[in-house]
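Now for the letters of each chain:
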Amino acid sequence: MCVLPNATQRVQAADTAVVQIWSCYSVLNVLYSLIQKSKIQDQLSAAQKGEDVEAAGGEYGSISLYHHLGYFSILGLLRVHVLLGDYTLALSMLDGIDLNKKALFTRVTSAHVATYYYTAFSYMMLGRYPDAIRALSHILFFVLRLKHFQRGSQFDQVRSFDRSSVDRPDNA
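Residues numbered from 1 in each chain as written. Predicted model: local features only at pLDDT ≥ 70, side-chain atom pairs only at ≥ 80, totals over all residues. Heavy atoms only, no water.

### A look at the packing of aromatic side chains
Right, on to step 1. Counting across every chain of the model gives four aromatic pairs.
Right, on to step 2. Here the aromatic rings of Tyr117 and Tyr118 are separated by 5.1 Å at their centres, their planes lie at 80 degrees, and the arrangement is edge-to-face.
Right, on to step 3. Look at Tyr118 and you get buried, because its relative accessible area is 7%. (Phe/Tyr/Trp six-rings, centres within 6.5 Å; stacked < 30°, edge-to-face > 60°. Buried < 20%, exposed > 50% of the residue type's maximum accessible area, 1.4 Å probe, protein only.)

Next up, the structure:
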């Protein structure tokens with residue numbers, strides 16, 4: 001098989017472009033920019049204190065689109081920091097979000113499952129096993145109660161934890 005030099009150069013140029021597009025720095029930059037522009041952390045802090053959320057959001061934060069983009073950017077940063085191995089920073093991203101209440105992320109099933117999955121994973125990697133068990137138990141009961149759950153990658157991630165506890169021999 002003969003490879004033309006121009007074809008090889010095009011493939012290398014395409015590979016370089018893909019690396020630049022999906023570098024962790026550019027992803028982190030976009031997510032942090034959305035959080036900063038929406039002032040979502042100020043809004044979450046104001047909501048916890050019982051203050052006016054729209055006033056804390058400012059010009060852009062009071063717009064629903066920016067509010068949602070900022071909110072789900074926090075969840076995206078949770079995921080990115082877990083993938084990068086910075087579990088403490090991943091958990092600190094959730095400081096303004098109360099996991100025990102009906103938060104915005106619970107309206108989107110995949111976001112609900114992914115948030116608890118990455119939170120539990122971070123807890124496990126930090127050796128906070130009781131917290132990890134609590135997070136995994138919550139999401140496993142949620143999945144069991146949910147009848148019309150889409151069987152996607154998040155479901156497979158949660159089911160892998162469930163199967164590992166079932167597959168263990170009783171005498172181990």
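### What to know about the nonpolar core
Right, on to step 1. In terms of nonpolar packing, the biggest core is built from 33 residues, with Tyr71, Ile74, Leu75, Ile97 and Phe105 touching the most fellow members.
Right, on to step 2. Looking at this core, the elements that each hand over two or more residues are α2 (24-38), α3 (40-49), α5 (64-84), α6 (87-92), α7 (109-125) and α8 (129-145).
Right, on to step 3. Leave out the neighbours within four places in its chain, and Phe105 touches Tyr71, Phe72, Leu75, Ile97, Leu99, Ala111, His112, Thr115 and Tyr116. (Core = buried A, V, L, I, M, F, W, Y, C linked by side-chain atoms within 4.5 Å. Helix = DSSP H or I, 4+ residues; strand = E, 2+ residues; numbered from the N terminus. Contact = heavy atoms within 4.5 Å.)

### Comments concerning the packing of α7 against α8
Right, on to step 1. Between α7 and α8, whose axes approach to 7 Å, the crossing angle comes to 160 degrees. Classified by the angle their axes make, α7 and α8 are roughly antiparallel. Judged by the twist between their axes, the crossing of α7 over α8 is left-handed. Facing α7, whose interface residues are Thr109, His112, Val113, Tyr116, Ala120, Tyr123 and Met124, α8 presents Tyr129, Asp131, Ala132, Ala135, Leu136, His138, Ile139, Phe142 and Val143.
Right, on to step 2. Its residues placed into classes, the contact of α7 with α8 shows 12 nonpolar, three polar and one charged. (Axes fitted to C-alpha atoms, helices over the stretch in contact; angles between N-to-C directions. Parallel < 35°, antiparallel > 145°, perpendicular 65-115°, else oblique. Left-handed = near helix turned anticlockwise from the far one by under 90°. Nonpolar A, V, L, I, M, F, W, Y, C, P; charged D, E, K, R; others polar.)

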